[in-house]
Amino acid sequence: MDTAKVDSSNGSVPILTLPDEILQSIFSFVPDDSIFAVSQVCRRLYILSSLPIAWRGRCAKYQFWETHHAYFSKLKHASPSDVQWKRLFVRRYRSDKRVTDILNKIISSSTDMIDGFEQIAREGYDAKDCLKQHLEAPDDAEDVLARRYYASEALAFIHRRRAIEIWKKIGDGIDVKLEEALGAYDLFVTRGASRDVEQITRSLDALAAQFREEYPYYTTRSTNETASLLIAFMRKEGFVGANYENYHALRNSFIGICIDSSRATLPLTTVAVFCALGSRIGLDVKPCGFTYHVIAIVTDSDATKSPADRVSFWDPFKTHLEISRCELEDQLRALDMPASLSFLTPSNIRELIVRVARNILESVRSIAAQHIVTLSGINDMDRPPLMPERHTALYAALTASVICGPPASTRLLEHMCTLMQKDFYMDVGFFETDMARLISEDDAMMLHNICNAVRNEDKTPKKAMRRESAKPDPSGTGHILSNNVRYRVGTIFRHKRYDYDAVITGWTKNCATDENWIRHMQVDKLKRGRHQPFYNVFVADGSSRYVAEDNIIPLQPKEGHVLSNFLALGKYFKRFDENEGRFVSNLMDEYPDD
């Protein structure tokens, strides 16, 4: 650089005697929080710390960007020094500060959480790097469980909003790639920051590049030979039909999970991968919603052929060989269906989204009695979930059905509202704006009332459950005795009858359920019956239950319990306290004495 233009006076500051190149290298190690202070020391450090190349390096630390920044285009700029890298970095730096401040507020307060999540979501993908850092909070952080949990919830909310935007485009008639339309389902069920539609695109790009490398001669082959070669490649890479035992596995309906994990999947998912890869190697291939099945249609670009001869049919779920039109027409006749072209034409993406929703609903019904355990697995967050959460997959299917399917019934709307109120309360804005315009006037009024109730509950402080006369337990166990409520929130115990481990997340001074539940659970046969404290608990299988105090055998593990692996525990607790052998409550508004 032209040092004649730089103030080289150094006074008695030794660092200013160093060459510019060394100072620039040193600046690269200065934390983001401090680099602005460094630039204020003197004119020389200001100029050196303001070089575009330095700020480009700081921008490069961010993995996720909102599209309006055009970040990846700027990386390819012919003259990188002309890009306002410092301005770009400052925007991201300030975004990180906003996200962190809002997340801290969500963690520390049980009110106005919806507004906090909505503020974070307005940052879009710019918030993901910051949230990923919070999701990876160190084990010794003061509020590690709560921080990981709420960072994960914010990421999931951002991903759901992105999925909804994709489906809204399709509902409005805007062209969207098939892989993006189906990949939107993955945005509902994955937890890691990297498990998004862009990751699906990268995986497909990598598979297409692998195909081109392994079969460089494919460009010399006919269209049908190339299609057969591609399906053979897919089958070699594991994209085969799921067997009978695993056909209805929930993961099979999620294209991203299938691409990056178990590739034995459903016909629709296999065809979608075939279409995505085919388009990348120059094939004109589209999905076809054949009755009770999905196949692919490949169109030859050879204009010398007749229209009928240019079209070929393929079933990558079963074979790499072409299927004749006659065979498909025979299948239709065997099903007493008209062998017309309406079943042998490309399907629109909207139809396929609804078809995936039906597949998910069928899978959900088939596993209705199965409880899916979801561990935190912080190191595994960016890996595809082999067992998606049932209620989240159900919510995805219902959401897609409302946006892309026929008009929603009152029953479907009520089901969605139940899920939203219980697990997806931050989505209330979607219900207020987008869903309200898709339903009848009567249902819109019902929805309006439900949404108002959700927002009011979010703004209302929780009723404090006070212990009327708190005093230490004379037995020396460290528990609290008060009004016969013996155990504190955070106490780990073993169930006396069913021998499972669980942790207390709340309590009532008496059994607070209805008579039907009391009779069914034979509560009155317990030693103290219904007139004893009952506890809301989180069980080591991932379920939530309601347990009488008579059935609790307290444990005081001095090391981390298996329950610590559950991400959902962050909804209730800050961390595990090894000294006391219990979880530290994050519900102080509701249980201030615990």
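Structure shown above.
Each value, and the rule that gives it
- Residues numbered from 1 in each chain as written.
- Predicted model: local features only at pLDDT ≥ 70, side-chain atom pairs only at ≥ 80, totals over all residues.
- Heavy atoms only, no water.
- Helix = DSSP H or I, 4+ residues; strand = E, 2+ residues; numbered from the N terminus.
- Buried < 20%, exposed > 50% of the residue type's maximum accessible area, 1.4 Å probe, protein only.
- Contact = heavy atoms within 4.5 Å.
- Areas by Shrake-Rupley, 256 points an atom, 1.4 Å probe, with all protein chains shown as cover.
- Lys, Arg positive; Asp, Glu negative; His and termini not counted.
- Charge placed at Lys NZ, Arg CZ, Asp CG, Glu CD.
- Core = buried A, V, L, I, M, F, W, Y, C linked by side-chain atoms within 4.5 Å.
- Pairing = 2+ DSSP bridges.
- Axes fitted to C-alpha atoms, helices over the stretch in contact; angles between N-to-C directions.
- Polar contact = N/O pair within 3.5 Å; in protein donor to acceptor, adjacent residues only side chain to side chain.
- Phe/Tyr/Trp six-rings, centres within 6.5 Å; stacked < 30°, edge-to-face > 60°.
- Lys NZ or Arg CZ within 6 Å of the ring centre and 35° of its normal.
- Parallel < 35°, antiparallel > 145°, perpendicular 65-115°, else oblique.
- Left-handed = near helix turned anticlockwise from the far one by under 90°.
- Nonpolar A, V, L, I, M, F, W, Y, C, P; charged D, E, K, R; others polar.
- Arc of directions from axis to C-beta.
- Salt bridge = Lys/Arg side-chain N within 4 Å of Asp/Glu carboxyl O.
- Disulfide = S-S within 2.5 Å.

This paragraph deals with the overall build of the protein. Each helix and strand counted, the protein has 22 helices and 13 strands in total. Taken over the C-alpha atoms alone, the protein extends approximately 95 × 85 × 45 Å along its principal axes. Residues classed as buried in the protein amount to 50% of the 594 residues present. When contacts within the protein are restricted to residue pairs at least 6 apart in sequence, long-range pairs at least 24 apart make up 64% of them. For the protein, the exposed area adds up to about 28900 Å²; of that, 51% sits on carbon and sulfur atoms. Each charge class in the protein can be summarised by its mean position, and for the 76 positive and 80 negative side chains these summaries are 2 Å apart.

Grouped together as the largest cluster of nonpolar side chains are 112 residues, with contacts concentrated most on I120, L131, Y150, W167, Y185, F274 and F431. Ranked by the residues each element gives to this core, the list is headed by helix α9 (residues 144-171), at 13 residues. Leave out the neighbours within four places in its chain, and F431 touches Y395, M416, C417, M420, A436, L447 and C451. Counting residues in hydrophobic clusters, the runner-up holds 29 residues, among them Y500, F538, L569 and L587.

Right, let's talk about the environment of S28 for a bit. One can find S28 in the loop between α1 (20-27) and α2 (32-38). Sequence-wise, S28 and F566 are 538 residues apart; in three dimensions their C-alpha atoms are separated by 38 Å.

The next point concerns the sheet that holds strand β2 (residues 295-299). The 4 strands are arranged β1-β2-β3-β4 in an open sheet whose pairing can be described as antiparallel. The sheet is open, and its two borders are formed by β1 (284-288) and β4 (322-323), each paired with just one other strand. Taken together, the 4 bridges between β2 and strand β3 (residues 311-314) define a ladder with antiparallel strand orientation. Its bridge partner being in β3, I297 is matched across the sheet by F313. Against the sheet, helix α14 (residues 267-280) makes contact with β1, β2 and β3, and its axis sits at roughly 165° relative to β1, the strand it touches most.

Okay, the environment of R160 next. Among the secondary structure elements, R160 is positioned in helix α9. Not counting residues up to four positions away in its chain, the partners in contact with R160 are L187, F188, Y395, F424, M426 and D427. Only 2.9 Å separates the side chain of R160 from the side chain of D427, close enough to count as a polar contact.

Turning our eyes to something else, we now look at the packing of aromatic side chains. A full pass over the atoms with the stated rule returns 30 aromatic pairs. Here F211 and F233 contribute two aromatic rings whose centre-to-centre distance is 5.5 Å and whose plane-to-plane angle is 70°, an arrangement assigned as edge-to-face. You can see F211 sitting in helix α11 (residues 197-214) and its partner F233 sitting in helix α12 (residues 223-236), a full 22 residues away along the chain. Relative accessible area serves as the criterion here: at 0%, F233 is assigned to the buried category. Consider the rings of Y572 and F573, whose centres lie 6.1 Å apart with planes at 55°: the pair is tilted. A connected cluster of aromatic rings, assembled from ring pairs, spans W55, Y62, W65, Y71, F72, W85, F89 and Y93. Residue placement shows R92 over the ring face of Y62; its charged tip is 4.1 Å from the ring centre. Between K128 and the ring centre of Y125, over which it is positioned, the NZ or CZ distance is 3.9 Å.

It is worth spelling out the packing of helix α8 (residues 128-135) against α9 at this point. Packing of α8 against α9 brings their axes to within 8 Å, and their N-to-C directions diverge by 150°. On the basis of their axis angle, the class for α8 and α9 is roughly antiparallel. By crossing handedness, the relation of α8 to α9 is classed as left-handed. Packed against α8, whose contacting residues are K128, L131, H134 and L135, the element α9 presents R147, R148, A151, S152, A154, L155, I158 and H159 at the interface. Among the residues forming the contact of α8 with α9, the class breakdown is 6 nonpolar, 3 polar and 3 charged.

Moving on: helix α4 (residues 52-59). For an α-helix the count is 3.6 residues per turn, leaving residues at separations of three or four pointing the same way. Taken together, the buried positions of α4 are occupied by W55, R58 and C59. The buried residues of α4 occupy one face: seen down the axis, they fall within an arc of 100°.

Turning to its location among the elements, D143 is positioned in the loop between α8 and α9. Overall, the relative accessible area of 14% leaves D143 in the buried class. Leaving out residues up to four positions away in the same chain, D143 has contacts with I107 and K574.

Looking at chain direction, β1 and β2 are connected through 5 bridges and run antiparallel. Bridge pairing in β2 links V285 to V298. Taking the residues between adjacent antiparallel strands as the criterion, β1 and β2 are bridged by 6 residues, where Y292 takes a positive phi near 60°.

Under the defined criterion, the tally for this structure stands at 37 salt bridges. Note that E179 and R280 form a salt bridge whose closest N and O atoms lie 2.8 Å from each other. Within this pair, whereas E179 is found in helix α10 (residues 178-189), its partner R280 is found in helix α14, the two being separated by 101 residues in sequence. For the salt bridge of R494 with D501, the shortest nitrogen-to-oxygen distance reads 2.7 Å. Take R494: its relative accessible area is 34%, and that puts it in the partly exposed class.

The next thing to look at is the state of the cysteines. Counting across every chain of the model gives 0 disulfides. C59 takes part in no disulfide bond, and the closest cysteine sulfur, belonging to C130, lies 15 Å away. Taking the relative accessible area as the measure of exposure, C59 reaches 0% and is therefore buried. Cysteine C258 is unpaired, with the sulfur of C275 as its nearest cysteine sulfur at 15 Å.

On to the sheet that holds strand β9 (residues 534-539). In spatial order, the strands read β10-β9-β8-β7-β11; together these 5 strands make up an open sheet with antiparallel pairing. Among the strands making up the open sheet, the edge pair consists of β10 (544-548) and β11 (552-555). Each strand axis lies, on average, 45° off the axis of its neighbour in the sheet, ignoring direction.

Everything listed here is a matter of geometry and, on its own, says nothing about what the molecule does.
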